[in-house]
Amino acid sequence: MRKMRKHMLDSLRGRAADLRSPHARNSIWNTADLLAAPALLLLASPVLIAQLGDDEFGFWMLLNSLIGLIGALNFGLGDATIKYAAQYQAGPDAEQRRHFAESLLAAFILIGALVALVVVVASRLLVSRVFSVTPEFLGEAVVLMRLGGVWLGCKLFESGCVALVKGSQRYD
């Protein structure tokens, strides 16, 4: 057991020391990608609060949080897309790959459009009843909610496109 643990630690040290390896570079870029948006939002918050005001900034943050949460809940479609795109990419049948890509993009367009439509139609109800927005901010909040719904639909479609590209890549 000790030998195995020592071998694992030695191999990890060797890999971690080589920052030129593709795995290390990918890890660095993925970490930077994960940290960039929250860091920029943190830096921009004082400016946004000064420009929007407390109520508008609060609603904007709520809307971004909901969009991020719903966007993260893609029901495993992204992971499944990566798996099947890689599987079809490895196969010899170009027609099957094309059919898969077309079907996937159509499904993500449909899902994105449906989500956007539901949010746009339900935006007044959501803003007035669920989020209890004050009457003087109601009109702006409805517009923001509708824009957020359309943006969420576009993000869902984008996640399908990104997953399709990721599944087509080689990770040697």
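Relevant structure appears above.
**Considering the overall build of the protein chain**
In step 1: When its secondary structure is counted, the protein chain shows six helices and zero strands.
In step 2: Each helix and strand of the protein chain, ordered N terminal to C terminal, gives the series α-α-α-α-α-α.
In step 3: Evaluated residue by residue, the protein chain yields a buried proportion of 19% over its 172 residues.
In step 4: Here the contacts in the protein chain between residues at least 6 apart in sequence split such that 64% fall between residues at least 24 apart.
In step 5: Accessible surface computed for the protein chain: about 12,500 Å², of which carbon and sulfur atoms make up 68%.

**With respect to the packing of aromatic side chains**
In step 1: Applying the stated rule across the entire model yields one aromatic pair.
In step 2: Ring centres 6.1 Å apart and planes at 40 degrees place the aromatic pair Phe57 and Trp60 in the tilted group. You can see Phe57 and its partner Trp60 sitting in helix H3 (residues 54–72), three residues apart, about one turn around the helix.
In step 3: The class for Phe57 is buried, based on a relative accessible area of 12%.
In step 4: A relative accessible area of 27% means that Trp60 is categorised as partly exposed.

**Description of the nonpolar core**
In step 1: The biggest cluster of nonpolar side chains holds eleven residues, and these are Phe59, Leu63, Ile67, Val119, Val127, Val133, Phe137, Ala141, Val142, Met145 and Leu152.
In step 2: Secondary structure elements with two or more residues in this core: H3, helix H5 (94–130) and helix H6 (138–168).
In step 3: No other element matches H6, which puts four residues into this core.
In step 4: Here Ala141 is in contact with Phe59, Val127 and Val133, once residues within four sequence places are set aside.
In step 5: In this structure, Ala85, Leu104, Phe108 and Leu164 belong to the second largest nonpolar core, which totals five residues.

**Looking at the packing of H5 against H6**
In step 1: Where H5 meets H6, the axes come as close as 8 Å, and the angle between the chain directions of the two elements is 165 degrees. Comparing the axis directions of H5 and H6 gives the class roughly antiparallel. As H5 packs across H6, the resulting crossing turns out to be right-handed.
In step 2: Here the contact of H5 with H6 is composed, by residue class, of 23 nonpolar, seven polar and two charged.

**A short note on the packing of helix H4 (residues 77–90) against H5**
In step 1: For the pair H4 and H5, interaxial distance at closest approach is 9 Å and the crossing angle is 165 degrees. What the angle tells us is that H4 and H5 run roughly antiparallel. The crossing of H4 and H5 is left-handed. Only Gln96, Arg97, Phe100, Leu104, Phe108 and Ile111 of H5 make contact with H4, whose side of the interface consists of Leu77, Thr81, Tyr84, Ala85, Tyr88 and Gln89.
In step 2: Class assignment of the residues belonging to the contact of H4 with H5 gives a composition of eight nonpolar, three polar and one charged.

**Digging into the side chain of Ser123**
In step 1: Residue placement: Ser123 occurs in helix H5.
In step 2: Since its relative accessible area comes to 0%, Ser123 is described here as buried.
In step 3: Of note is the side chain of Ser123, whose polar atom sits 2.9 Å from the side chain of Arg146.
In step 4: Once residues within four sequence positions are removed from consideration, Ser123 is found in contact with Val142, Met145 and Arg146.

Rules and cut-offs
Residues numbered from 1 in each chain as written. Predicted model: local features only at pLDDT ≥ 70, side-chain atom pairs only at ≥ 80, totals over all residues. Heavy atoms only, no water. Helix = DSSP H or I, 4+ residues; strand = E, 2+ residues; numbered from the N terminus. Buried < 20%, exposed > 50% of the residue type's maximum accessible area, 1.4 Å probe, protein only. Contact = heavy atoms within 4.5 Å. Areas by Shrake-Rupley, 256 points an atom, 1.4 Å probe, with all protein chains shown as cover. Phe/Tyr/Trp six-rings, centres within 6.5 Å; stacked < 30°, edge-to-face > 60°. Core = buried A, V, L, I, M, F, W, Y, C linked by side-chain atoms within 4.5 Å. Axes fitted to C-alpha atoms, helices over the stretch in contact; angles between N-to-C directions. Parallel < 35°, antiparallel > 145°, perpendicular 65-115°, else oblique. Left-handed = near helix turned anticlockwise from the far one by under 90°. Nonpolar A, V, L, I, M, F, W, Y, C, P; charged D, E, K, R; others polar. Polar contact = N/O pair within 3.5 Å; in protein donor to acceptor, adjacent residues only side chain to side chain.

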